[in-house]
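Analysis of the macromolecular model
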Amino acid sequence: MKKDNFLYPRGRYYGQVKPENLVFNANLQEFAQRVSYVCNLETGGKLSPDEAYNQIKALWKNLKRTKKQLQIGENLFQDGDDHPES
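In this report, we go over the structure that sits alongside the text. (Residues numbered from 1 in each chain as written. Predicted model: local features only at pLDDT ≥ 70, side-chain atom pairs only at ≥ 80, totals over all residues. Heavy atoms only, no water.)

**Things to note about unusual backbone geometry**
Selection criterion: Only protein chains enter the accessibility calculation, which uses a 1.4 Å probe; a residue whose area is less than 20% of its type maximum is buried, one above 50% is exposed, and one in between is partly exposed.
Phi is positive for Q71, which is not a glycine, with a value near 60 degrees. Judged by its relative accessible area of 49%, Q71 is partly exposed.

**Here we look at the environment of A26**
Selection rule: Going along the chain from the N terminus, every DSSP run of H or I of four or more residues is numbered as a helix, and every run of E of two or more is numbered as a strand.
Looking at where A26 falls in the secondary structure, it is placed in helix α2 (residues 19–43). Measuring from C-alpha to C-alpha, the distance between A26 and R12 comes to 9.7 Å, with 14 residues separating the pair along the chain.

**Looking at the nonpolar core**
Stated formally: Think of a nonpolar core as a cluster: buried Ala, Val, Leu, Ile, Met, Phe, Trp, Tyr and Cys residues, connected wherever their side-chain atoms sit within 4.5 Å. Contacts are residue-level and defined by heavy atoms, with any inter-residue pair within 4.5 Å sufficient.
Residues F24, F31, V35, L59, L63 and I72 constitute the largest nonpolar core, which totals six residues. Mapped onto this core, the elements with two or more residues apiece are α2 and α3 (49–70). Top contributing element to this core by residue count: α2, with three residues. Those residues in contact with V35 that lie beyond four places of it in its chain are I56 and L59.

**Let's talk about α3**
This is how it is decided: Given the number of residues in a helix, its expected span is that number minus one, multiplied by 1.5 Å.
For α3, with 22 residues, the first-to-last C-alpha span of 31 Å sits near the 32 Å given by 1.5 Å per residue. Summarising the contacts, the buried residues of α3 are in contact with α2.

In structure tokens form, the structure reads like this:
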């Protein structure tokens, strides 16, 4: 097993398969993993609560920016699959 696979495990994606969804899912999993590390460092006394908060806030802003760039959730009703009934 490679070290990266151990340190940064990835789960399968079961949602709608679109490139932007796959990229966002990977980013979301990385966010969750990093938040877990920050929480553990704070719990272990290696980070102050303020530093942990600031790091998590920065990670959240990055995830939010990625979501906006990928336009996730912006066109919920414009899939191309739904045709309005006339």
